[in-house]
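# Chains, contacts and geometry: an overview
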Amino acid sequence: MGPLPRTLELFYDVLSPYSWLGFEVLCRYQNIWNIKLQLRPSLIAGIMKDSGNKPPALLPRKAQYLSQDIKLLRQHFQIPIQFPKDFFSVILEKGSLSAMRFLTALSLEHPEMLEKVSRELWMRVWSRDEDITEPQSILALPKKFKCAAKVENHRSQTTAKRKLKPLSLSGSQAAEKAGMTIEQAQGILEKISTPKVRNQLKETTEAACRYGAFGLPITVAHVDGQTHMLFGSDRMELLAYLLGEKWMGPVPPAMNARL
């Protein structure tokens, strides 16, 4: 019997483009390295406030660098990332509270869906320049993201629809695209403002702060009884060193074969 996998916690917010990069790299390596990856939806606004930090885009020179950096990282990481057209509205005005509460509720109800739904929310805001704040937007997920608790296969779609109350025309269409019943999708949305979900998101964000977070993403590695907090998406080579694993770049050979 081989050694037990080391636990990695990834604290992230879909408002953070660098969180997306770190997320994809760890997802690519989770079946290559001997690790157990735990996804921890957090609120970057809360971490910024707690640490006294500010979004880098508020400084003109950093904003200019960020724009060029994302273009290069898109190629290097092979992730279809690009700036939203109205960047400041997306980042500073709309925020990600609803989206991160949705992911928190999802992590409690259907954790097996968290990776795919997180990825789709990043795709919406950081690739297709789409909204992630409205309920209809959050529900607009691809058909492949199906709940394990889906309606029994023998039940026809007609019968299922007849028993469910529609959210709205657009909400119904989004739920169907997700491969979820309207009831399931509505159930997750109805929970995002409950004390349980709000407290869970707050606790996860506070946990990131206790680890020393001043932004996102952070990866927390639990190795040989020690805890290491690594900030950003560019510390993966150091993470490999801590784990005693081999770093093969952001797109490992096994991944390259599938691209």
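Everything here concerns the structure above.
These remarks concern the structure in this document. (Residues numbered from 1 in each chain as written. Predicted model: local features only at pLDDT ≥ 70, side-chain atom pairs only at ≥ 80, totals over all residues. Heavy atoms only, no water.)

## A word on helix α2 (residues 44–51)
Three or more residues of α2 are buried, namely I44, I47 and M48. End-on view of α2: buried residues confined to an arc of 100°, all on one side of the axis. Residues of α2 that are exposed and point over 90 degrees away from its buried face: K49 and D50. Lining the buried residues of α2 we find α11 (195–210). Where α2 terminates, the next one or two residues include G52, which has phi positive at roughly 80°. (Buried < 20%, exposed > 50% of the residue type's maximum accessible area, 1.4 Å probe, protein only. Helix = DSSP H or I, 4+ residues; strand = E, 2+ residues; numbered from the N terminus. Arc of directions from axis to C-beta. Contact = heavy atoms within 4.5 Å.)

## A word on the nonpolar core
Grouped together as the largest cluster of nonpolar side chains are 67 residues, with contacts concentrated most on L8, Y12, V14, L103, W126 and L239. Broken down by element, this core gets its largest block of residues, seven residues, from helix α1 (residues 17–29). (Core = buried A, V, L, I, M, F, W, Y, C linked by side-chain atoms within 4.5 Å.)

## Regarding the layout of surface pockets
In this structure, the largest pocket spans a volume of roughly 1,000 Å³. Lining the largest pocket we find 41 residues, and of these S16, Y18, P56, L216 and F231 sit closest to its centre. Only α1, α2, α3 (60–77), α4 (87–94) and α12 (236–243) provide two or more residues apiece to the lining of the largest pocket. Considering every element that reaches the lining of the largest pocket, the biggest residue donor is α3, with seven residues. Along the lines of polarity and charge, the residues of the lining of the largest pocket split into 26 nonpolar, eight polar and seven charged. (1 Å grid on protein atoms, 1.4 Å probe; cavity = no way out; pocket = protein on both sides within 12 Å on 5 of 7 lines; lining within 4 Å. Points joined across faces, edges and corners; volume = space filled by probe spheres on them. Nonpolar A, V, L, I, M, F, W, Y, C, P; charged D, E, K, R; others polar.)

## With respect to the packing of aromatic side chains
According to the stated counting rule, one finds twelve aromatic pairs in the structure shown. Centroid distance F23 to W122: 4.7 Å. Interplanar angle 50°. Geometry classified as tilted. Placement of F23 in helix α1 and of W122 in helix α6 (residues 114–126) is noted, with a sequence separation of 99 residues between them. The structure contains a cluster of three or more aromatic residues connected by ring pairs, namely Y12, W20, F23 and W122. (Phe/Tyr/Trp six-rings, centres within 6.5 Å; stacked < 30°, edge-to-face > 60°.)

## Quick notes on the pattern of salt bridges
One pass over the full model with this rule turns up ten salt bridges. A salt bridge links E245 to R6; the shortest N-O distance between them is 3.1 Å. Of this pair, E245 sits in the loop between α12 and α13 (253–256) while R6 sits in strand β1 (residues 6–12), and the two are 239 residues apart along the sequence. Between E109 and K191 there is a salt bridge, with the nearest N and O atoms lying 3.2 Å from each other. Residue E109 is found in helix α5 (residues 97–109), and its partner K191 is found in the loop between α10 (182–190) and α11; the two are separated by 82 residues along the sequence. Accessibility expressed as a relative area gives 35% for E109, which makes it partly exposed. Linked through salt bridges whose partners overlap, the residues forming this network are E120, R124, R128 and E130. (Salt bridge = Lys/Arg side-chain N within 4 Å of Asp/Glu carboxyl O.)

## Quick word on a nonpolar patch on the surface
Nonpolar side chains collect at one region of the surface, where L58, F88 and L92 lie side by side and expose about 270 Å² of accessible area between them. Mapped onto the fold, L58 is located in the loop between α2 and α3. (Patch = residues over 30% accessible without salt bridge, like charges linked within 9 Å, V, L, I, M, F, W, Y side chains within 5 Å. Areas by Shrake-Rupley, 256 points an atom, 1.4 Å probe, with all protein chains shown as cover.)

## Details of the packing of α5 against α11
Remark: α5 packs on α11, axes separated minimally by 9 Å, with the N-to-C direction vectors making an angle of 105°. On the basis of the axis angle, α5 is roughly perpendicular to α11. Along the contact surface, α5 presents L97, M100, R101, T104, A105 and L108, while α11 presents K196, V197, R198, Q200 and L201. In terms of residue class, the contact of α5 with α11 is built from six nonpolar, two polar and three charged. (Axes fitted to C-alpha atoms, helices over the stretch in contact; angles between N-to-C directions. Parallel < 35°, antiparallel > 145°, perpendicular 65-115°, else oblique.)

## Quick look at the sheet that holds strand β4 (residues 226–231)
Here we have four strands laid out as an open sheet, ordered β2-β1-β3-β4, and mixed in their pairing. Only two strands of the sheet have a single partner each, and these edge strands are β2 (35–41) and β4. Within this sheet the neighbouring strands show an average axis-to-axis angle of 20°, counted without direction. Where β1 meets β2, seven bridges bridge the pair, whose relative direction is parallel. (Pairing = 2+ DSSP bridges.)

## Description of empty space enclosed by the protein
By rolling a water-sized probe across the atoms, one finds the places where empty space is left. Following the criterion strictly, the structure yields one cavity of 30 Å³ or more and no others. By volume, the largest cavity is sized at about 30 Å³. T219, L230, G232, R235, M236 and L239 are the residues that line the largest cavity. Of the residues in the lining of the largest cavity, the class split is three nonpolar, two polar and one charged.

## Notes on the environment of Y18
Within the secondary structure, Y18 sits in helix α1. Taking C-alpha positions, Y18 is 9.4 Å from L73, a pair spaced 55 residues apart along the chain.

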